[in-house]
Amino acid sequence: MKILILGATGRTGKQIIEEAIKRGHEISAIARNPEKLLDYKIDITEGTPYDYETVENAIRGCEAGINTLNVSRKSDNLWAPLTAPKDMISKSASNAVEAMEKKGIKRFVALSTLGAGRSWKNIPFILKLLVSMSNLKYAFRDHGKQEEILEKSSVDYTICRAPLLSDDRNDLGTVTTTEGTAPASRYLARNSAAEFFLDILENNEHIRETISLSNKPAG
């Protein structure tokens, strides 16, 4: 399977590339700085998924798409200035959906966050306050917009809401919960996200569903 990855130069995107290559899949990636991906034997389109023509060129020959984009900041500081447009996630998803519908490509998996869209009402008050007061609010709002775009589209989407993403490897496995149900833990390792995304693409699971992901609690 050939898969278009939006957000390929990010920490989760690179985990997906590595796992996909292990499984024998082909990857098409969009990168403003292609040199960040030269260690991988993949197709690279220079540019940004914020531009429709770039997405249309990159998705040629693909059978599925994955979006791991975020509204990035200069640092992990919650109040750090943004380094991406406030609608980076939703605009890129909209471009992907338009290109997919034009070319008859159906399968799309999107990384979202707990607290986006309808799940806002289910997160703790202290987290709502933190998000509302910091620059996290732009990503939460835009993840919600992406969810709306996918739900109104004709693509076979899976929206995967994640809690805190961790760079630490976790091999305990991924737990899925339905919308409105609390996740099994507060964390999701990026390697677990990569493995799960590829599993559901390969097995054609969770079609037009919105689910939450987390790692199994230790012990």
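Residues numbered from 1 in each chain as written. Predicted model: local features only at pLDDT ≥ 70, side-chain atom pairs only at ≥ 80, totals over all residues. Heavy atoms only, no water.

Student: Describe the overall build of the protein, with residues and values.
Tutor: Helix and strand counts for the protein come out as six helices and 10 strands. Principal axes of the C-alpha set define a box for the protein whose edges measure 45 × 35 × 35 Å. Among the 219 residues that make up the protein, the fraction classed as buried is 51%. Partitioning the contacts of the protein with sequence separation of at least 6, the portion at a separation of at least 24 is 72%. As presented, the protein carries roughly 10600 Å² of accessible surface, and 49% of it is formed by carbon and sulfur atoms. Taken together, the 30 basic and 29 acidic charged side chains of the protein have centroids lying 6 Å from each other. (Helix = DSSP H or I, 4+ residues; strand = E, 2+ residues; numbered from the N terminus. Buried < 20%, exposed > 50% of the residue type's maximum accessible area, 1.4 Å probe, protein only. Contact = heavy atoms within 4.5 Å. Areas by Shrake-Rupley, 256 points an atom, 1.4 Å probe, with all protein chains shown as cover. Lys, Arg positive; Asp, Glu negative; His and termini not counted. Charge placed at Lys NZ, Arg CZ, Asp CG, Glu CD.)

Student: Let's hear about the pattern of salt bridges: which residues, and what values?
Tutor: Inspection of every chain in the model, using the stated rule, returns 14 salt bridges. A salt bridge links D171 to R169; its shortest N-O distance comes to 3.2 Å. Residue D171 is classed as exposed on the basis of its relative accessible area, which comes to 58%. What makes R169 exposed here is its relative accessible area of 53%. Counted as one network, the salt bridges with shared partners bring together R118, E147, E151, R161 and E179. (Salt bridge = Lys/Arg side-chain N within 4 Å of Asp/Glu carboxyl O.)

Student: So what's going on with unusual backbone geometry? Residues and values would help.
Tutor: One non-glycine residue, H206, lies in positive phi territory at about 60°. With respect to the element layout, H206 can be found in the loop between α6 (190-203) and β10 (209-215). Even without a glycine there, the phi angle at R208 is positive, about 50°. Here R208 is to be found in the loop between α6 and β10.

Student: I'd like to hear about the sheet that holds strand β6 (residues 156-162), residue by residue, with values.
Tutor: An order of β3-β2-β1-β4-β5-β6-β10-β8 is seen for the eight strands of this open sheet, with the pairing classed as mixed. The sheet is open, and its two borders are formed by β3 (43-46) and β8 (174-178), each paired with just one other strand. Averaged over all pairs of adjacent strands, the angle between strand axes in this sheet comes to 25°, irrespective of strand direction. Relative to β10, β8 runs antiparallel, the two sharing five bridges. (Pairing = 2+ DSSP bridges. Axes fitted to C-alpha atoms, helices over the stretch in contact; angles between N-to-C directions.)

Nothing here speaks to function; it is all geometry.
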